[in-house]
Amino acid sequence: MAAGGLAGLLPAQTQLEYALLDADTPQEKENLVYQYLKKMDSRERDLTVPELGGDGLIIVGVHSAKFPNEKVLDNIKSAVLRYNIVHPVVNDADATLWHELEVSCWPTLVILGPRGNMLFSLVGEGHREKLFLFTSITLKFYKERGQIKDKNIGIKLYRDSLPPSPLLFPGKVTVDSSGERLVIADTGHHRILVTQKNGQILHTIGGPNSGRRDGGFSEAAFNSPQGIAIRNNVIYVADTENHLIRKIDLELEVVTTVAGIGIQGVDKEGGAKAEEQPISSPWDAVFGNSISGTQEDDVLWIAMAGTHQVWALMLEDGKLPKGSDLKKGVCLRFAGSGNEENRNNAYPHKAGFAQPSGLCLASEEPWNCLFVADSESSTVRTISLKDGAVKHLVGGERDPLNLFAFGDVDGAGINAKLQHPLGVTWDKKRKLLYVADSYNHKIKVVDPKMKNCATLAGTGEASNIIGSSFTQSTFNEPGGLCVEENGHLMYVADTNNHQIKVLDLDTKILSMLPILNPEVCDVPDNLPVQKDKIRNLPKLPKSAPNIQLPSLTVAPGQTIQFLLKLTLPPDSKLNEEAPNSWFITAEDNTWLLQGQCLSGEIKDVSCQTIIPFQLPRSCLSAEAILAVRACLYYCSKGSSACMMKGISFSQPLQIGSTNQSSLTQVELIHTFVTN
């Protein structure tokens, strides 16, 4: 390692950069860089370059973490997948390279020669022109010397080894005012899903590839969308990597762009017409009211992570706190100076945020504020919608420049510690705030009156366990969450587990939301079609046992989750090529089945299969019997003998008019025995 690390480059590169400022033509600039390389090529080797199967240009990311959670290899793998990184990444968990090279800032770019000799360094962002100039001349310089050949280096991508998943790094989730529809930002698939509360997909908008395109649902394209807000049949989307706000009209089935120009902006004031206003990495969005408007939900508040601010998009004419009258369609900064800080202030423009990534609104008194998940300061903050004052709620510390005050500590105010929270949601019923404490893999609950912060769900371990209670269940970097208006269910975007988790806040039962694709699921539109589907269901062998379940009291519209857990005889294995399946019937009550997913595959008996069922809102009888059946094909490991087996569960239903818990789980357990 050369003495001085990157500091050893500084004198010569500084001279070069001053000379480049005086150069008038591209040719002069190229000549200056070429002469610089002749001088720097004489340096000794600084870093050992591994054999990569051939000479060529290769990009290597060195990940020197800030947060403890970012040092864990599995979490880095998830980030590589989430951001579609296709170059090798080194986990510099102990900051060895950081210290050896005397790096001082994220990001720092270093260009190495073929021998591992350091040639250039670029610190911070915004060096695209220099990077392209230095790289192109360096390639030319070493190709002329025969030290670089045009040859691709074979790289096997981690993502190519993973099985397909209905969701890929879902970033945010929200629920409409009725509680019947969910909207999911399926971030890794670059799409928006609208589903029923049982997971049945109603609309797929965009995906699976990234892009930037307005139009119908099948032709529209997003790039890593995050925040979503729904009002009636209109959804606003924070299209993060496109630096846009998009609008989805569910009635017209069309997507339009309402803010941003598609290029990352550096403007920290705004005020232009939204479609002409550059914005930067919008991460969340929520509806709100201006202080002088005549319509509800006339403002869209935006967590503008890229400029460390909170912005407003005026959906109607109105006025913001401590602001002047604004016209419909204007997009501008509401709070935050643009400096990356944890600074609270009575004047919103003088406050400082650090990558605000989650927003929610508590419009009722005495709150009347926005809650902000400020990820890089590991705090939750409030912005008053009366006067714009920005205040601390929990996490962080008093020094506004200390962005390293993170941890996992339950407590009050500044004594509570969070680690990179990405989401917040308000529970109107209980007057509580829930926080996706992402890097602690937990859901926290905050009483804003007392400023108390406590763990609600999660153990702190990054894994995927659905336990018997909230605190025995686990998450993996949950990024967003929402609560129904009636306060029954909370939905959590469990990002790195590629799932939506459902938390029943009344019964404290946690479950997973199955994503049911209508293309692979039988979804009847009317009863005649229903009868055809029933006729096509498989028939169980006569020897299949029929298990009678205890009667279940339910209410119209209620969701039942059947948890099917089947065990094969010892030394047996599932025949994965056979049509192993579950299906639902209701012979004398076919009205129960309208609009339901009637069947599905059983791919793995080592884990439970979740079968969702939602009762119709209009029930034709007070009593009914539902049958859940399964048909398996399995073989003996020690011989070629294979067999078909079946099981049937009869579930009597007592349908009452009183509201029950909105989600009920029923375990269906059976062990097959050897004949």
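What you see as residue numbers is a count from 1 along each chain, following the sequence as written. The predicted origin of the model limits local features to residues at a pLDDT of at least 70 and limits the giving and counting of side-chain atom pairs to 80 or more, whereas totals for whole chains, interfaces and linings rest on all residues. Side-chain calculation: all heavy atoms of the structure are included, whereas hydrogens and water are not.

(A) Region of interest: the packing of aromatic side chains. Centres within 6.5 Å are what make two rings of Phe, Tyr or Trp a pair, Trp counting through its six-membered ring; a difference in plane orientation under 30 degrees is then read as stacked, over 60 as edge-to-face, and the rest as tilted. With the rule as written, the count across this model stands at 12 aromatic pairs. Relative to Trp426, the ring of Trp367 has its centre 5.7 Å away and its plane inclined at 65°; by these criteria the two rings are edge-to-face. Of the two residues, Trp367 sits in the loop between strand S21 (356-362) and strand S22 (369-374) while Trp426 sits in strand S26 (residues 423-427), which places them 59 residues apart along the sequence. The exposure classification of Trp367 matches that of Trp426, with both residues buried. Measuring from ring centre to ring centre gives 6.1 Å for Tyr634 and Phe672, while their planes differ by 45°; the resulting arrangement is tilted. Residue Tyr634 is found in strand S41 (residues 623-636), and its partner Phe672 is found in the segment after strand S43 (663-671); the two are separated by 38 residues along the sequence. Of the residues examined, Tyr634 reaches a relative accessible area of 2% and is grouped as buried. Here a set of aromatic residues connected by ring pairs shows up, and it is made of Tyr34, Phe141 and Tyr142. Charges are assigned to positions over rings by a cutoff of 6 Å between ring centre and Lys NZ or Arg CZ, combined with an angular limit of 35 degrees from the ring normal. Note that Arg246 overlies the ring of Phe222, its terminal NZ or CZ placed 4.9 Å from the centroid. If you follow Lys350 out to its NZ or CZ, it ends over the ring of Tyr347, 5.5 Å from the centre. Counting from the N terminus, the helices are DSSP H or I runs at least four residues long and the strands are E runs at least two residues long. When accessible area is computed with a 1.4 Å probe and restricted to protein chains, residues below 20% of their type maximum are described as buried, those above 50% as exposed, and intermediate ones as partly exposed.

(B) How the structure looks around the pattern of salt bridges. Salt bridge criterion: a side-chain nitrogen from Lys or Arg within 4 Å of a carboxyl oxygen from Asp or Glu. By the definition in use, this model includes 19 salt bridges. For Arg343, the salt bridge is made with Glu341, and the minimal N-O distance between the two is 2.8 Å. The class of Glu341 is buried, set by a relative accessible area of 11%. As a salt-bridge pair, Asp506 and Arg430 come within 2.9 Å of each other at their nearest N and O atoms. Here Arg430 lies in the loop between S26 and strand S27 (432-437) and Asp506 lies in the loop between strand S32 (499-504) and strand S33 (509-512), a separation of 76 residues in the sequence. You can call Asp506 partly exposed: its relative accessible area is 37%.

(C) Fine view of the packing of helix H2 (residues 26-40) against helix H5 (residues 128-144). Axis lines are fitted through C-alpha atoms, for helices just across the contact stretch, and the angle between N-to-C directions can take any value from 0 to 180 degrees. With their axes 10 Å apart at the nearest point, H2 and H5 run at an angle of 60° to one another. Between H2 and H5, the angle falls in the class oblique. Here the hand of the crossing between H2 and H5 comes out right-handed. Each of Lys29, Glu30, Val33, Tyr34, Leu37 and Lys38 in H2 lies in contact with H5, whose residues at this interface are Glu129, Leu133, Phe134, Ile137, Thr138, Phe141 and Glu144. Each angle receives one of four descriptions, namely roughly parallel if under 35 degrees, roughly antiparallel if over 145, roughly perpendicular if within 65 to 115, and oblique otherwise. Crossings are assigned a handedness: left-handed for a near helix turned anticlockwise from the far helix by less than a right angle, right-handed for a clockwise turn. Contacts: residue pairs with any heavy atoms within 4.5 Å of one another.

(D) Expanded view of the pairing of strand S30 (residues 480-483). On S30, burial covers both faces: Gly480 and Cys482 on one face and Leu481 and Val483 on the other are all buried. The pairing criterion for strands is at least two bridges between them, as found by DSSP. Pairing of S30 with strand S31 (residues 489-494) involves four bridges; the strand directions are antiparallel. Counted as the bridge partner of Cys482 is Tyr491 from S31. Between S30 and S31, which pair antiparallel and follow one another directly, the connecting turn spans five residues, one of which, Gly487, has a positive phi of 80°.

(E) Spatial organisation of unusual backbone geometry. Residue Pro208 is reached from Gly207 by a cis peptide bond, and omega for that bond is 0°. Relative to the helices and strands, Pro208 is located in the loop between strand S8 (201-206) and strand S9 (215-216). Of note, the amide linkage connecting Glu365 to Pro366 takes the cis form, showing an omega dihedral of 5°. Tracing the chain through its elements places Pro366 in the loop between S21 and S22. With a phi close to 50°, Ser224 is a non-glycine residue in the positive phi region. Exposure remark for Ser224: the relative accessible area of 10% places this residue in the buried category. The residue Ser378 is not glycine, and still its phi comes out positive at about 55°. Structurally, Ser378 can be placed in the loop between S22 and strand S23 (379-384). Judged by relative accessible area, Ser378 falls into the buried class, the value being 0%.

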